[in-house]
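Reading the structure
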Amino acid sequence: MPPRVSVIVTWCNRKNIGYALSRNRPALEQSGAELLIVNFGGDREMLADLLGSPTPRWLRILTLDTPSFNKCCAQNLGVKASRGEILFFIDEDIALEDDTLKEAVATVSEGGCF
C-alpha cells in the first residue's frame, strides 16, 4: 500500500541532510510518510555517507546525474516519483516537530489548507 504522504527533499552536496534525517525520523515514522530525497547533481557517495546505514524502509532516493542543481526541476521530478497523495516539501536542513506531518494530513483531510 502506498504511503499517504510523500515528503520531498531536494539535495545537492549539502551536509545538513544527515542531521535533518535523524531529527525528522520520529515525524516520518509516526505519520507513515515516505521521504523522497531527490539528489539533483549531488555526489552519490557523499549522500550515502551522510545518511548512514541501514536505510530506513520509508526512505527513497532518486538520483539524477546533472552538471548543476535546479531546485524547481528537482521538485517536479520528485512529484513525478512520489507515491503519496499528499505532497510535503521541505529543505534538507529543516527539522519538523514530531506532530507536524500528522497535523498537516488532518488539516488537508478535512478539506482545509495549511
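Whatever comes next refers back to the structure up there.
As the structure is a prediction and not an experimental result, all values here were calculated from the model.

Conventions and cut-offs
Residue indices follow the written sequence of each chain, beginning from 1 at its first position. In keeping with the predicted nature of the model, local features appear solely for residues at pLDDT of at least 70, side-chain atom pairs appear and are counted solely at 80 or more, and the whole-chain, interface and lining totals rest on all residues. Neither water nor hydrogens contribute to the side-chain values; these are computed over all heavy atoms in the structure. Helix and strand definitions here come from DSSP, where helices need a minimum of 4 consecutive H or I residues and strands a minimum of 2 consecutive E residues; each element is numbered from the N-terminal end. Expected span, for any helix, means 1.5 Å times one less than how many residues it has. One axis fitted to the seven residues ending at a residue, another fitted to the seven starting there: the angle between these axes is the bend at that residue. In this description, contact between two residues means that some pair of their heavy atoms is separated by no more than 4.5 Å. For two strands to be treated as a pair, DSSP must find no fewer than two bridges joining them. Crossovers are marked right-handed if the path from the first strand over the helix to the second runs clockwise, as seen with the strands pointing away from the viewer. Only Phe, Tyr and Trp rings take part, Trp by its six-membered ring, and two of them pair if their centres are within 6.5 Å. Stacked means planes under 30 degrees apart, edge-to-face means over 60, and tilted covers everything else. Burial here depends on accessible area, computed with a 1.4 Å probe over protein chains only, as a share of the maximum for the residue type. Under 20% is buried, over 50% is exposed, and the range in between is partly exposed. One speaks of a salt bridge when a side-chain nitrogen belonging to Lys or Arg is within 4 Å of a carboxyl oxygen belonging to Asp or Glu. We define a nonpolar core as any set of buried Ala, Val, Leu, Ile, Met, Phe, Trp, Tyr and Cys residues linked to one another through side-chain atoms lying within 4.5 Å. Axes, fitted as lines to C-alpha atoms, cover a helix only where it is in contact. Angles between the N-to-C directions of the axes lie from 0 to 180 degrees.

1. Observations regarding helix 1 (residues 17-31)
With 15 residues, helix 1 should cover 21 Å at 1.5 Å per step; its first-to-last C-alpha distance of 20 Å lies within 8% of that length. At Asn24, helix 1 shows its largest bend, some 50°, and a proline, Pro26, comes one to four positions later. The secondary structure elements touched by the buried residues of helix 1 are strand 1 (5-11), strand 2 (34-40), helix 2 (44-51), strand 3 (59-64) and helix 4 (100-109).

2. A closer look at the pairing of strand 3
The sheet contact formed by strand 2 and strand 3 spans six bridges and is parallel. Bridge pairing links Leu35 to Leu59 in strand 3. With helix 2 bridging strand 2 and the parallel strand 3, this β-α-β connection has right-handed handedness.

3. Regarding unusual backbone geometry
Of note, the bond from Ser53 into Pro54 is cis; its omega dihedral lies within 30 degrees of zero at 5°. The topology assignment puts Pro54 in the loop between helix 2 and strand 3. The phi dihedral of Asn13 is positive, around 60°, even though this residue is not glycine.

4. Some thoughts on the packing of aromatic side chains
Where two aromatic rings form a pair, the distance of their centres and the angle of their planes describe that pair. One pass over the full model with this rule turns up one aromatic pair. Measuring from centroid to centroid gives 6.3 Å for Phe40 and Phe69, while their planes differ by 80°, and the two rings are edge-to-face. Here Phe69 lies in the loop between strand 3 and helix 3 (71-81) and Phe40 lies in strand 2, a separation of 29 residues in the sequence. With a relative accessible area of 6%, Phe40 lands in the buried category. Residue classification places Phe69 among the partly exposed positions, given a relative accessible area of 37%.

5. Some points on the pattern of salt bridges
Scanning the model with the defined rule gives eight salt bridges in all. In this structure, Arg4 and Glu85 form a salt bridge, with 3.4 Å as the shortest nitrogen-oxygen distance. Here Glu85 lies in the loop between helix 3 and strand 4 (86-89) and Arg4 lies in the segment before strand 1, a separation of 81 residues in the sequence. With a relative accessible area of 37%, Arg4 lands in the partly exposed category.

6. A look at the nonpolar core
Counting 22 residues, the largest nonpolar core has Val7, Leu35, Ile37, Phe88 and Leu101 as its most contacted members. Listing elements by their share of this core, those giving two or more residues are strand 1, helix 1, strand 2, helix 2, strand 4 and helix 4. Within the second largest apolar cluster, five residues are counted, among which are Leu36, Val38, Phe40 and Ala74.

7. Re the sheet that holds strand 4
With parallel pairing, four strands are arranged side by side in an open sheet as 3-2-1-4. Two strands close off the open sheet at either side, each with one partner strand: strand 3 and strand 4. When the angles between neighbouring strand axes are averaged without regard to direction, this sheet yields 25°. Relative to strand 4, strand 1 runs parallel, the two sharing four bridges. When the sheet's bridge partners are listed, Val5 is paired in strand 4 with Ile86.

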